[in-house]
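Residue strings, one per chain:
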Amino acid sequence: MLQFLLNDDEIRLTECGASDTLLDFLRIGRRLTGTKEGCAEGDCGACTVMLGRLHDGRLVYEPVNACIRFLASCHGCHVVTVEHLRDPDGGLHAVQRAMVDHHASQCGFCTPGFVMALYGLWMTNPDADMTAIETALQGNLCRCTGYAPIVRAAQAVLAAGGQAGDRIARERDEVTARLAAMQGGRVEVARGDDRAILPADVDDLAAVLVEHPDATIVAGATDVGLWVTKFLRPISPAVFIGHLDGLKRIDVGDDIRIGAGVTYTEAVPLIESEFPEVSDYWHRIGGWQVRNMGTIGGNIANGSPIGESPPLMIALGARLVLRHGDTRREIALEDFFIAYGQQDRRPGEFVETVILPRRGNALVAAYKISKRQSADISAVAAGFRIEVAGGVITSARVAFGGMAGTPKRAAAAEAALTGAPFSAETFAAAGEAVQDDFQPLGDWRASADYRRAIARNFFRRFWLEQAGGDQPVRLARVAGD
Ligand SMILES: Cc1cc2nc3c(=O)[nH]c(=O)nc-3n(C[C@H](O)[C@H](O)[C@H](O)COP(=O)(O)OP(=O)(O)OC[C@H]3O[C@@H](n4cnc5c(N)ncnc54)[C@H](O)[C@@H]3O)c2cc1C
Ligand code: FES
Ligand code: FES
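Analysis parameters
Per chain, residues are indexed from 1 in the order of the written sequence. In the order they appear in the text, chains get letters beginning with A and ligands get numbers beginning with 1. Only residues with pLDDT of at least 70 are given local features in this predicted model, and only at 80 or more are side-chain atom pairs given and counted; all residues enter the totals for whole chains, interfaces and linings. Computation of side-chain values: all heavy atoms of the structure, hydrogens and water removed. Put simply, DSSP marks the helices as runs of H or I at least four residues long and the strands as runs of E at least two long, and each gets a number from the N terminus on. Atoms considered for the radius of gyration are the C-alpha atoms alone. The globule rule reads 2.2 Å times the number of residues to the power 0.38. Relative accessibility decides the category of a residue: with a 1.4 Å probe and only protein chains considered, values under 20% of the type maximum give buried, values over 50% give exposed, and everything between is partly exposed. Here, expected helix span is obtained from the residue count minus one, scaled by 1.5 Å. Any pair of residues with heavy atoms lying within 4.5 Å of one another is described as a contacting pair. When DSSP finds at least two bridges between two strands, those strands are taken to pair. Note on method: axes are straight lines fitted to C-alpha atoms, helices fitted across the in-contact stretch only, with angles between N-to-C directions ranging 0 to 180 degrees. Any two rings among Phe, Tyr and Trp, with Trp reduced to its six-membered ring, count as a pair given centres within 6.5 Å; such a pair is stacked if its planes are under 30 degrees apart, edge-to-face if over 60, and tilted if neither. The term salt bridge refers to a pairing of a side-chain nitrogen on Lys or Arg with a carboxyl oxygen on Asp or Glu at a separation within 4 Å. Contacts described as polar in this section are N or O atom pairs within 3.5 Å, which, within protein, must combine one atom able to donate a hydrogen with one able to accept it, while residues neighboring in sequence count only if both atoms come from side chains. Residue proximity to a molecule or strand is established when one non-hydrogen atom of the residue lies within 4 Å of it. Using a 1.4 Å probe, the Shrake-Rupley method yields the accessible areas, and only the shown protein chains count as cover for residues. All domain edges in this entry derive from an automatic or database-based domain assignment. Note on terms: buried area is the combined drop in 1.4 Å-probe accessible area of two parts once they are placed together, counting the loss on both.

## What about the overall build of the protein?
Item 1. Along the protein, the regular secondary structure elements total 18 helices and 20 strands.
Item 2. Against the 2.2 N^0.38 benchmark of 23 Å for 481 residues, the protein shows a C-alpha radius of gyration of 23 Å, consistent with a compact globule.
Item 3. Overall size of the protein, expressed as C-alpha extent along the three principal axes, is 70 × 55 × 40 Å.
Item 4. For the protein, the residues scored as buried account for 56% of the 481 residues in total.

Given below as structure tokens:
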């Protein structure tokens, strides 16, 4: 049986399909129509709700997109919709009041989603500065009001404070206890043939996948959700793994071990402490809601040529641990990607851990060019890891996404860098050499020539940033330098 809290109510469902979405359940099943449907693909934020879940026994609330969140994945969670913000006397919540006072709504369709994203920010980051406000709003689109009044509303409500008196803060202990009582054991639910399995732990996941080797693994559902909402693809039987704490560990020792179920948001402290140079890159993956759901394992396992963690991870020298039953094997991440749409993952196997070497003294960078600054996947992305000793490049790993059918290292460019002086000329030569590494395709994101120009310019940008000069980083024209 599926059990979770919806606002004040405890929900128990014996019937639930793997492909049932949280949004449909809220709007159609419960008539909680404050949560809107805009795009149904995680892009607009109109469907934003807060999801409270226990992580190592601690209650964590995060805004997520209800449109691509599967209902089954809400087992043991607290779903908070905009209706829950209402004061007991029916008045507006402080976040809603700030939106009204600052004229931050016109047609109002996007407004509940903005309210929930701001509520999430206000609750979790009371000291949020302008950058944090902008980051929190990346996943919400407004077509009529314009963002300035919304940002002013955010600043006003943050300045007013008062989070301790908020309902979900006051009821924290009680909700934690209620959710704790729902944890433990394997859960299986279905609607007809549409079956969902939530394993009890990682060992149970391994056993379930041996039993159902062709099941769809669902982690954050930021890819799989769209298979259902956009392509109406069946996913049954689906094995949900987003709740498994055993896949959410990050261990930093001689190397760095990241569980496949770690979300982008959960990886932020690691990124900021170990690889602060790529923090901006990391915060440009999806929007806040997507980063709260999407996992590193899912970004690798989906095999997309434009997934943005693989180029960075390959450059950093990542290895993957793949598990089948009780058997594990370890491979270099770059070897996982065999060809477009083909990965080295056998039936019943799952990605368990990503292992990164410590950075040592290496120079690290990651870049992305997309049509929009936020909430847009890249045309081209790249990761760099360069070691320099005595003015000479002793090791170079550079990997690209968007330049081939898989994320791939740039062998010719790496050869041009390795053993060469750490100089502008060397990086210019690498920018030329990378032209031999790839024959990119043109598509609606970027033409082949533009992709080549981006690849060249990334080397130039890396040099300019590392050289620490005061020149602005200018891009070359598509026709070349
Ligand atoms: C609005 C929006 C914006 C996005 N922006 C970006 C972006 O800027 N950059 C980017 O790179 N991506 C982006 N994405 C894509 C997506 O967020 C990422 O690919 C994400 O990391 C996928 O992780 P997930 O946990 O949601 O995977 P899921 O959707 O749950 O699964 C994806 C695939 O991986 C498989 N899988 C998941 N976990 C495992 C595992 N442990 N072992 C084996 N197989 C597994 C699933 O079966 C499925 O095939 C965006 C998506 C949306 C909806
Ligand atoms: S409806 Fe657009 S993000 Fe969910
Ligand atoms: S107020 Fe109309 S879309 Fe935002």
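## Quick look at helix α18 (residues 448-467)
Item 1. Helix length check: α18, at 20 residues, gives a terminal C-alpha distance of 29 Å against a target of 28 Å (1.5 Å per residue), a fit within 8%.
Item 2. Within α18, the full set of buried residues consists of R451, A453, I454, A455, R456, N457, F458, F459, F462, W463 and L464.
Item 3. Lining the buried residues of α18 we find β17 (363-369), β18 (380-389), β19 (392-401), α16 (411-417) and α17 (424-437).
Item 4. Taken from the residues just after α18, G468 is the one with a positive phi, measuring 70 degrees.

## Things to note about the sheet that holds strand β8 (residues 216-218)
Item 1. Spatially, the 4 strands line up as an open sheet ordered β6-β7-β9-β8, and their pairing is mixed. If you trace the sheet from one side to the other, it starts and ends with β6 (187-191) and β8, each paired once. Neighbour-to-neighbour, the strand axes of this sheet turn through a mean angle of 20 degrees, independent of strand direction.
Item 2. Sheet topology places β6 next to strand β7 (residues 194-198); 5 bridges connect them, and they run antiparallel. Opposite V189, over in β7, you have A196 as the bridge partner.

## Topic: the packing of aromatic side chains
Item 1. Applying the stated criterion to the full structure yields 17 aromatic pairs.
Item 2. Ring centres 5.8 Å apart and planes at 70 degrees place the aromatic pair F4 and F25 in the edge-to-face group. Residue F4 is located in strand β1 (residues 2-6), and its partner F25 is located in helix α1 (residues 22-29); the two are separated by 21 residues in the primary sequence.
Item 3. Since its relative accessible area comes to 13%, F25 is described here as buried.
Item 4. Residues Y367 and F458 carry aromatic rings whose centres are separated by 5.3 Å and whose planes lie at 40 degrees to one another, so their mutual orientation is tilted. Taken together, the positions of Y367 in strand β17 and F458 in helix α18 put the pair 91 residues apart, joining distant regions of the chain. The same class applies to Y367 and to F458, which are both buried.
Item 5. Through a chain of ring-to-ring contacts, the aromatic side chains of Y367, F384, F400, F422, F427, F438, F458, F459, F462 and W463 assemble into a single cluster.

## Remarks on the sheet that holds β18
Item 1. Pairing within the open sheet is antiparallel, and its 4 strands lie in the order β17-β18-β19-β20. Sheet topology places β17 and β20 (408-409) at the edges, where each strand pairs with a single neighbour.
Item 2. Where β17 and β18 come together, 7 bridges link them in antiparallel fashion. Residue Y367 lies in a different strand from β18, and its bridge partner there is A382.
Item 3. Relative to the sheet, α18 contacts β17, β18 and β19, its axis offset from that of β17 by approximately 145 degrees.

## Points about the pattern of salt bridges
Item 1. Considering all chains together, one arrives at 35 salt bridges under this definition.
Item 2. Its salt-bridge partner being E41, residue K230 comes within 3.3 Å of it at the nearest N-O pair. Here E41 lies in the loop between α1 and β3 (48-55) and K230 lies in the loop between α9 (224-229) and β9 (238-240), a separation of 189 residues in the sequence.
Item 3. A salt bridge links E334 to R409; its shortest N-O distance comes to 2.9 Å. Of the two residues, E334 is situated in helix α15 (residues 333-336) and R409 in strand β20; the sequence distance between them amounts to 75 residues.
Item 4. If you follow the salt bridges from partner to partner, you end up with D203, R323, D326, R328 and E352 in one network.

## A word on the environment of R358
Item 1. By secondary structure assignment, the location of R358 is in the loop between β16 (350-357) and β17.
Item 2. By relative accessible area, R358 is classed as partly exposed at 35%.
Item 3. Polar side-chain contacts of R358 include one of 3.0 Å to the side chain of E274.

## Re the site of ligand 1
Item 1. Close contacts around ligand 1 come from 34 residues, with I217, A219, T222, Y264 and T295 the closest.
Item 2. Taking A221, its main chain carries an N or O atom lying 2.9 Å from an oxygen atom of ligand 1.
Item 3. Here T222 contributes a side-chain N or O atom positioned 2.6 Å from an oxygen atom of ligand 1.
Item 4. If ligand 1 stood free it would expose 980 Å²; the protein chains cover 95% of that surface.
Item 5. Residue assignment for the shell around ligand 1 shows that the elements contributing at least two residues are β8, α9, α13 (296-301) and β16.

## Re the domain arrangement of the protein
Item 1. Entries for the protein in the domain assignment read domain 1 (2-83 + 171-240), domain 2 (94-165), domain 3 (247-357) and domain 4 (363-467).
Item 2. Taking only C-alpha atoms, the centre of domain 1 and the centre of domain 3 are 22 Å apart.
Item 3. Facing 25 residues of domain 1, the contacting portion of domain 3 comprises 23 residues.
Item 4. Summing both partners gives a buried area of about 1,900 Å² for domain 1 against domain 3, and 62% of it is carried by carbon and sulfur.
Item 5. Of all residues in domain 1, the largest losses of buried area upon contact with domain 3 belong to P63, V202 and T222, amounting jointly to 22% of the total for that side.

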